[in-house]
Amino acid sequence: MPPPVRPVRPTDTLTRDALAVLQPGFTGTTAPDWLLRRLGEGLTTVGLFGRNVANPGQLAALTGRLRREREDVLVAVDEEGGDVTRLEVRGGSSFPGNHALGAVDDPALTRAVARELGRRLAECGITLNWAPSADVNSNPDNPVIGVRSFGADPHLVARHTAAYVEGLQSAGVAACTKHFPGHGDTAVDSHLDLPRITADLATLQERELVPFRAAVAAGTRAVMSAHILLPALDGDRPATLSPAALHGLLRAPATEGGLGFDGLIVTDGMEMQAISATYGIERGSVLALAAGADAICVGGGLADEDIVLRLRDALVAAVRDGELPEERLADAAARVRALARWTVAAGEGAAGERAAPAPGIGLTAARRALRRTAGGQPYAPLTGAAYVAAFTPLANIAVGDETPWGVAAELARLLPGTDTGTYSADAAAAGIPALVEGLLTAAAGRRIVAVVRDVHRHPWMADALAALLAARPGTAVVEMGVPQAPPRGALHLATHGAARVCGRAAAEALTGRL
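Each residue is numbered by its place in its chain's sequence as written, counting from 1. Totals for whole chains, interfaces and linings use all residues, but because this is a predicted model, local features are given only for residues with pLDDT of at least 70 and pairs of side-chain atoms are given and counted only at 80 or more. Here the side-chain values reflect all heavy atoms present in the structure, with hydrogen atoms and water set aside.

Peer 1: Quick one: what's the story with the overall build of the protein, residue by residue and with numbers?
Peer 2: Only runs of H or I of at least four residues qualify as helices and only runs of E of at least two qualify as strands under DSSP, and these elements are numbered from the N terminus. Each helix and strand in the protein was counted, giving 19 helices and 14 strands. The size measure is the radius of gyration over C-alpha atoms, and the globule rule it meets is 2.2 Å times the number of residues to the 0.38 power. Its C-alpha atoms give the protein a radius of gyration of 24 Å, within 12% of the compact-globule value 24 Å for 514 residues. C-alpha extents for the protein along the principal axes are approximately 85 × 45 × 40 Å. Each residue is placed in one exposure class: buried if its accessible area under a 1.4 Å probe, protein chains only, is under 20% of its type's maximum, exposed if it is over 50%, and partly exposed if it falls in between. Out of the 514 residues in the protein, the part that is buried amounts to 58%. Here the protein displays about 18800 Å² of accessible surface, and carbon together with sulfur accounts for 54% of that area. Every accessible area reported is derived by Shrake-Rupley at a probe size of 1.4 Å, with residue values counting cover from the shown protein chains alone.

Spelled out as structure tokens, the structure:
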């Protein structure tokens, strides 16, 4: 005898729920008609990226237009500060990133930085921030986390994650702590492939999960899942698609070894290769909802109406085919709408408090994060035009290559006539001696500042730096990534990040102003 057919709610309700769980993006600096139309049909969240931001006034007008269509719309952005910025994508961030804040290790400072960042987001009409990164940077070769992490100590990461969540949400912006259950112990970028973490469950509990427990205790309104495979939890599916990771660990009560999280679970971008190349975006989205995710993040790479309709229809079909329980979709949609209501109330509350702006807090933090080491050669502050040699690795996708970094612009502001040259792995492949010879010719006798980023991960960079220091021992070195390699140079500065304010702090130190 065939099983009874379970009744399914009307298609329009299913469609509204399916739209409610999507977090799509779009292209351009004004909202397209199709997006406004879908907001009227149930879409609840819109994701913004650097391509959508020209300036604060334009951004406020854009979010205001979205809000006229749906008052409680969740407007989300990936604004970590530091290397990953969307608000200041073309100029560099006014805030140092997590690694700099972890180097200072003053939770009150982290809370103040996050509050000011949240205040600026709220001013522009943004209500959900896909931040902070709570990953423990336990693998120094990690190509995608690095300075986005507060550090390698789980308890340091935990106290700063909690402070960040509290600061951001005190400004009325929901925090989305990521990348659960922890992306720090990987040597693979999940934008490009599926990373695998072989740590056992005891290690996960003592290391990766410590900051997420702190975030939950601090009241984070959302958590973002990672596209990583952890055989200790699930040997078949990455965390984003794993009931064991989402329902069985993140949602499970503490008495059962879980985190007891009852807020919104958001997936990392579903167009990332770790999911799309293995499962496909439609199939992956259905599996993610079934596993316990509530919101599907898509729009970083796929940003048109077609992807919204494809995912909407895939979710509705999965319910009708019995692959996705309708109650699960309804629960997910209800959680999205609940967060939307929270942001309205929280925004009104934060506006009522009228917290004073703290425009200089980012630079203060960057200055405090700077670490300087004197080398064997005497070093006098720069007083005239210098030459900046920027050894530039390929930018990872999370950071992007449209955001400027380094010290050249800030140094040129202090010392007019300062020039810069960019040197890459391709230039090194043609021969280190030729690279250094060309560099010295371009410097034309001026003092040299070498700027590196994660030199410990790039042998070509380490070799080029060594050759330059052999030729010019008085060269100053500025490390703007994770300072894992031993300090080198007549003066070595570690900024713990490549934000614009980190470059300014370094320029001040190079010229004796700090």
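Peer 1: Before we move on, could you go through the confidence of the model for the protein and cite the residues and values that matter?
Peer 2: If pLDDT is low for a region, its predicted coordinates should not be looked at in detail. Of all residues in the protein, 95% attain a pLDDT of 70 or more, and the chain-wide mean is 93. Known as pLDDT, the predictor's confidence for each residue is given on a scale from 0 to 100. The contact criterion used throughout is that any non-hydrogen atoms of two residues lie within 4.5 Å. Confidence over residues 1-7 falls short of pLDDT 50; this stretch has 4 contacts with residues more than four positions distant or in other chains.

Peer 1: Which residues make up the packing of aromatic side chains, and what are the values?
Peer 2: Think of it this way: a Phe, Tyr or Trp ring, Trp meaning its six-membered ring, pairs with another when their centres are within 6.5 Å, and the plane angle makes it stacked under 30 degrees, edge-to-face over 60, tilted otherwise. Taken as a whole and assessed by the stated rule, the structure comprises 3 aromatic pairs. Judged by centre distance (5.4 Å) and plane angle (90°), the ring pair of F180 and F212 falls under edge-to-face. Taken together, the positions of F180 in strand β5 (residues 174-180) and F212 in helix α8 (residues 209-218) put the pair 32 residues apart, joining distant regions of the chain. Across from the ring centre of Y379, 4.9 Å away, lies the NZ or CZ of R447, which sits over that ring. Stacked on the ring of W405, the Lys or Arg R453 has its end atom at 4.6 Å from the ring centre. Note on geometry: a ring has a charge over it if NZ (lysine) or CZ (arginine) is within 6 Å of the ring centre and within 35 degrees of the ring normal.

Peer 1: I'd love a proper account of the packing of helix α11 (residues 281-291) against helix α12 (residues 305-320), names of residues and values included.
Peer 2: Axes are the key here: two packed helices are described by the angle between their axes and the distance separating the axes. Two elements in contact, α11 and α12, have axes separated by 9 Å at closest approach and are oriented at 50°. Judged on the interaxial angle alone, α12 and α11 are oblique. Taken as a pair, α11 and α12 cross one another with a handedness that is right-handed. Contacts from I281, E282, S285, V286 and L289 of α11 reach α12 at I307, R310, L311, A314, L315 and A318. Here an axis means a line fitted to C-alpha atoms, over the contact stretch when the element is a helix, while the angle between two N-to-C directions is reported on a 0 to 180 degree scale. Any angle that is under 35 degrees is reported as roughly parallel, and any over 145 degrees as roughly antiparallel; angles of 65 to 115 degrees are reported as roughly perpendicular and all others as oblique. Crossing handedness follows the turn of the near helix against the far one: under a right angle anticlockwise gives a left-handed crossing, and clockwise gives a right-handed one.

Peer 1: Now, about the sheet that holds strand β11 (residues 419-423): what can you tell me, with residues and values included?
Peer 2: Only strands joined by at least two bridges in the DSSP assignment are considered to pair. One open sheet accounts for 6 strands, arranged β9-β14-β13-β12-β10-β11; its pairing is mixed. Only two strands of the sheet have a single neighbouring strand rather than two, namely β9 (371-374) and β11. Sheet twist, expressed as the average angle between the axes of neighbouring strands with direction ignored, equals 20°. Alignment of strand β13 (residues 476-479) against strand β14 (residues 491-494), held across 4 bridges, turns out to be parallel. Bridge pairing links V478 to L493 in β14. Most of the contacts of helix α17 (residues 432-443) go to strand β10 (residues 387-391), to which it runs at about 150°, and overall it touches β10, β11 and β12 (448-452).

Peer 1: If you had to explain the nonpolar core to someone new, which residues and values would you point to?
Peer 2: Take the buried residues of types Ala, Val, Leu, Ile, Met, Phe, Trp, Tyr and Cys, join any two whose side-chain atoms come within 4.5 Å, and each joined set is a nonpolar core. Counting 91 residues, the largest nonpolar core has L22, L48, L66 and F180 as the members making the most contacts within it. Counting residues per element, this core draws most heavily on α12, which supplies 7 residues. For L66, the contacting residues outside a window of four places in its chain are A31, L35, L36, L39, V46, V73 and V75. Core analysis: the second largest hydrophobic core is formed by 27 residues, A386, L414, A505 and A506 among them.

Peer 1: Residues and numbers for the side chain of R148, please.
Peer 2: As for its placement among the helices and strands, R148 is situated in the loop between β4 (128-129) and α6 (154-170). The term polar contact refers here to a pair of N or O atoms within 3.5 Å; inside protein, the definition further demands a hydrogen-donor-capable atom paired with an acceptor-capable atom, and it admits residues adjacent in sequence only when both atoms are side-chain atoms. In this structure the side chain of R148 is engaged in a polar contact, spanning 2.7 Å, whose partner is the side chain of E80. Within the structure, the side chain of R148 is placed 2.8 Å from the backbone oxygen of V144, a separation counted as a polar contact.

Peer 1: Explain the pairing of β14 residue by residue, including any values.
Peer 2: Residues L491 and L493 point to one face of β14 and H492 and A494 to the other, with burial holding for every one of them. Examined bridge by bridge, β9 and β14 share 4 bridges and lie antiparallel to one another. Bridge assignment links T373 to a residue of β14, and that residue is H492.

Peer 1: Please set out unusual backbone geometry residue by residue, giving values where relevant.
Peer 2: A cis amide bond, omega 0°, links K178 with the succeeding residue H179. Note on placement: H179 falls in strand β5. Along the chain, F180 connects to P181 via a cis peptide bond; the corresponding omega equals 0°. By the element assignment, P181 lies in the loop between β5 and α7 (201-206). The backbone phi angle of D105 is positive, close to 55°, even though this residue is not glycine. The backbone phi angle of D454 is positive, close to 60°, even though this residue is not glycine. Positionally, D454 belongs in the loop between β12 and α18 (459-471).

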